[in-house]
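One letter stands for each residue in the lines below.
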Amino acid sequence: MKKQIVISVLSKDRPGIIADVAGVIYELNGDLADMSQSVLNGFFSMSVIAQFDENTSVTHIIEKIEAIDSETALEVIVKETGFDSINHKKEHPSDIYVVTGQGKNRTGLVAAIASFCRSNNIKIIDYDTKLSNDIYSMILEIDLSKADSAEDIHNKLDVMAEDLGLKIVMQHKNLFETVNEISLD
Amino acid sequence: MKSDHILSTINMIQKENLDVRTVTMGINLMDCKMSTVDETCTKIYTKITGCAGNFVATCNKISKKYGIPVVNKRISITPIAHIGAGFIKEDFVKMAMTLDKAAEEVGIDILGGFSAQVEKGMTPSELEYFKSLPLVLSQTKRVCASVNIGTTKKGINMDALALCGKTVKDVAEATKDQNGFGAAKFVVFCNQPGDNPFMAGAIHGLEEADTVLNVGVSGPGVIARALERLIESKGKNNLKLDEIAEEIKQTTFRVTRCGELIGREVSKEMNIEFGIVDLSLAPTPTVGDSVGEIFQILGVDDVGAPGSTAILAMLNDAVKKGGIFASKTVGGLSGAFIPVMEDAVLADAVGNGSLTLEKLEAMTCVCSVGLDMVAIPGNVDADTISAIIADEMALGMINQKTTAARLIPVPGMDVGDYVSFGGLFGASPILPVKNIGKSSRFINWGGRMPAPIHSFKN
């Protein structure tokens, strides 16, 4: 019987962090199943899902990672997911829209958008922001399958755009795949 | 998905005038032909309003879903002369009125296909059709007419050609209170495609299914901005023409994809066959939506200067290459349009004398259509107009391509005057015509110009 464990690592970015963590997983006979990592303004973060033997403890994994000889401090969180296998089937709901907002930077924009999504039962799948020349751009992938009609959300977004002083557009995700990718389903 | 890709797609729509220029629903009317014109009109009205009842609403819904403007929703029909076999002039006018009413009912601004295909010969009904055109185009708002008078396979019908010059004059005269606007709704073709979604020359060819959806994409502004960015990022001294052609090709791919997406969705929603995407660069009078501007970016100071034909040849080819890969089925005209009145930069080039009729004709050898939306002096006679059209038809026939002529002899106006039709039809100074009145003996021969030798491939 295997158990599934999520490992999250935060650190100032440097070469070799993934190699170090993957090395520990390999050493503990773990099977790395899925991984996501990003670097934001020089700060590295990574989440890994791996399967371990039943007798491998969470504490032991933490100890091994903390024992890595690293010139940057590695902050680690390790937890059992409670699932026993990886669900490789990705969901493809048909109601994925991309919302882009652009305007002058100010505080509270992310909070406002996130709060809007929560109150309209919209799941945020991905959220990316950019700041260039004090112009703030945000790109969200959202799932409207549990929300009201797309038209209703369109109208509500128009109202919010005016309140926040942003130009906000919501378009179905297919558009961006169609324009930028070769294959067309 | 990369955020850069998302933002560049949004910029194409919001800042560079990317739109789906037209979604055109083709409707076959052959099953509407009855023994009397009144019965026929009833059937036509019922069929169009039945097939296209929710057409505009569906296009608007899909447009909103993707945030891409669908500028025009239009209908093309079986060339009306087929439906009007055995009818007289007054019957054709009645059918045109019915079409106008049906178009209004379903909420579309233009309906194409008040047309005849007479490339080899004409029937008495088709002669009646020609006679009806001045009335039809002056008394209807939404109906557009076109005639195909030549093909590479059949040659050119010179009798029909002579009638075309006269018809252009009569239509312009019948609409002189609108500066001859009626002539902007009449196109003469060689090798007219049966699946072109763009007006005024759209028809629903006899070879097509009962109903079909065709899409015309545009986007000269998108190409122009992409080229400006490329030149700025690489520096004009580090860039070769083949790299520019590649950029046009890749940008066209992206533009065409938008049309493909909208077309597929609308046809799925309406449960009718998706025909083709016509990937034409169709300019509008809006600033930043000009094909002429691309000439200037590519290195001629004015459209019409030496080099213009070569630039257009490359542009037309790169557009086709990018678009063909982007769409399952490409058709229609697919290339670059150079409609003078609809393109502010081309119109300016006419005004400052850079763009002449002769150069425009040369350029049409390598563009996708022909002498389009060209305003000429009102005193140019019918035979001279027929002869200008003859030259344009010959280019299409010999080069195995579509060519067309949409000439507007503006009543009471001459070189130095300026005509404006407003909206998408645009405005331009009157283009000078040289050698007026010297071609009548040629036009008066009539008969047929034989098909060229390379048409005999059986």
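As a reminder, the structure under discussion sits directly above these lines.
Per chain, the residues get numbers from 1 upward, laid out in the order the sequence is written. Chain A is the first chain written and ligand 1 is the first ligand written, with later ones labelled in order. The model is predicted, so local features are restricted to residues of pLDDT at least 70 and side-chain atom pairs to those at 80 or more, both for listing and for counting; the totals for chains, interfaces and linings are taken over all residues. In computing side-chain properties, one takes all heavy atoms of the structure into account and sets aside hydrogens as well as water.

It is worth spelling out the overall build of chain B at this point. Of regular secondary structure, chain B possesses 15 helices and 13 strands. Here chain B has a C-alpha radius of gyration of 21 Å; the compact-globule value for 458 residues is 23 Å, and the two agree. Projecting the C-alpha coordinates of chain B onto the three principal axes gives extents of approximately 65 × 55 × 50 Å. Averaging the positions of the 45 positive and the 51 negative side-chain charges in chain B gives two centres separated by 4 Å. Counting from the N terminus, the helices are the DSSP runs of H or I reaching at least four residues and the strands are the DSSP runs of E reaching at least two. Atoms considered for the radius of gyration are the C-alpha atoms alone. The globule rule reads 2.2 Å times the number of residues to the power 0.38. Only four residue types enter the tally: Lys and Arg on the positive side, Asp and Glu on the negative side, with His and both chain ends excluded. By convention, charge coordinates are those of NZ in Lys, CZ in Arg, CG in Asp, or CD in Glu.

What follows concerns the interface of chain A and chain B. The criterion used for residue contact is that any of the two residues' heavy atoms lie within 4.5 Å. At the interface, 29 residues of chain A touch 25 residues of chain B. Summed over both partners, the interface of chain A with chain B buries about 2400 Å², with 64% contributed by carbon and sulfur atoms. Here, a salt bridge means any Lys or Arg side-chain nitrogen found within 4 Å of an Asp or Glu carboxyl oxygen. Inspection of the region where chain A meets chain B yields zero salt bridges. Counting residues per element, the ones that place at least two in the side of chain A that touches chain B are β5 (96–104), β6 (123–132), β7 (135–143), α4 (150–164), β8 (166–172) and α5 (173–180) of chain A. Two parts lose some accessible area (1.4 Å probe) when they are put together, and adding that loss for both gives the buried area.

A word on a positive patch on the surface. All names here are of chain B. Note that patches include only residues with greater than 30% relative accessible area and no salt bridge, and the join distances are 9 Å for like charges and 5 Å for nonpolar side chains (Val, Leu, Ile, Met, Phe, Trp, Tyr). We get accessible surface area from the Shrake-Rupley algorithm with a probe of 1.4 Å; when it comes to residues, only the shown protein chains can shield them. Residues Lys120, Lys153, Lys154, Arg448 and Lys457 make up a contiguous surface patch of positive charge. Its location among the elements puts lysine 153 in the loop between β4 (143–151) and β5 (155–157). Three exposure classes are used, based on accessible area relative to the maximum for each residue type with a 1.4 Å probe and protein chains only: buried under 20%, partly exposed in between, and exposed over 50%. A relative accessible area of 47% places lysine 153 in the partly exposed class.

To continue, consider the pairing of strand β7 (residues 211–217) of chain B. All names here are of chain B. Of all seven residues in β7, seven are buried, a share of seventy percent or more. In β7, alternate side chains face the same way, and those of Thr211, Leu213, Val215 and Val217 on one face and Val212, Asn214 and Gly216 on the other are all buried. In this description, strands pair whenever DSSP reports at least two bridges between them. Bridge count for strand β1 (residues 20–27) against β7 is seven bridges, and the pairing is antiparallel. In the strand pairing of β7, glycine 26 is matched with valine 212. As paired elements, β7 and strand β8 (residues 273–279) share five bridges and run parallel to each other. Each bridged residue has a counterpart across the sheet, and for glycine 216 the counterpart in β8 is aspartate 278.

Okay, the nonpolar core next. Among the nonpolar cores identified, the biggest contains 158 residues, and Ile75 and Phe114 of chain B are the most heavily contacted of them. At nine residues, the largest contribution of residues to this core is made by helix α9 (residues 241–270) of chain B. Excluding residues that lie within four positions of it along the chain, isoleucine 75 of chain B makes contacts with Thr24, Met25, Ile27, Ile48, Ala52, Phe55, Val106, Ile108, Ile110, Leu111, Gly112 and Met199 of chain B. Here, nonpolar core means buried Ala, Val, Leu, Ile, Met, Phe, Trp, Tyr and Cys residues that are tied together by side-chain atoms lying within 4.5 Å of each other. With 21 residues, the next largest nonpolar core counts Tyr136, Ile142, Leu144 and Leu157 of chain A among its residues.

Residues and elements named next belong to chain A. Reading across from one edge, β6-β7-β5-β8 is the order of the four strands in this open sheet, with antiparallel pairing throughout. The open sheet has two edge strands, β6 and β8, and neither has a second partner. Each strand axis lies, on average, 15 degrees off the axis of its neighbour in the sheet, ignoring direction. Pairing of β5 with β7 involves nine bridges; the strand directions are antiparallel. From the neighbouring strand, threonine 100 faces β7, where its bridge partner is isoleucine 139. Working convention: axes come from line fits to C-alpha atoms, limited for helices to the stretch in contact. Angles between N-to-C directions cover 0 to 180 degrees.

All names here are of chain A. Strand order in this open sheet of four strands is β2-β3-β1-β4, and the pairing throughout is antiparallel. Each of the sheet's edge strands pairs with one partner strand only, and the pair in question is β2 (31–40) and β4 (75–80). Recorded for the sheet is a direction-independent mean angle of 15 degrees between the axes of neighbouring strands. Seen against the sheet, helix α1 (residues 17–27) touches β1 (2–12), β2 and β3 (43–53) and runs at an angle of roughly 15 degrees to β3. Most of the contacts of helix α2 (residues 58–66) go to β4, to which it runs at about 160 degrees, and overall it touches β1, β3 and β4.

All right, on to the side chain of glutamate 342 of chain B then. Within the secondary structure, glutamate 342 of chain B sits in the loop between α11 (308–326) and α12 (344–351). Setting aside its immediate chain neighbours within four residues, glutamate 342 of chain B contacts Pro283, Thr284, Pro285, Met373, Arg406, Leu424 and Phe425 of chain B.

Residue and element names in this part refer to chain B. Following both chains from N to C, one finds helix α8 (residues 220–234) and α9 inclined at 140 degrees, their axes separated by 10 Å at the closest point. The angle between α8 and α9 falls in the class oblique. When you trace α8 past α9, the crossing you get is right-handed. Note on element contacts: α9 touches α8 through Glu243, Ile244, Glu247, Ile248, Thr251, Thr252 and Val255, opposite Val222, Ile223, Ala226, Leu227, Leu230 and Lys234. For this scheme, ten residues count as nonpolar: Ala, Val, Leu, Ile, Met, Phe, Trp, Tyr, Cys and Pro. Four count as charged, namely Asp, Glu, Lys and Arg, and the remainder, Gly too, count as polar. For the contact of α8 with α9, the residue count by class is eight nonpolar, two polar and three charged. Any angle between 65 and 115 degrees counts as roughly perpendicular, while under 35 counts as roughly parallel, over 145 as roughly antiparallel, and the rest as oblique. Crossings are assigned a handedness: left-handed for a near helix turned anticlockwise from the far helix by less than a right angle, right-handed for a clockwise turn.

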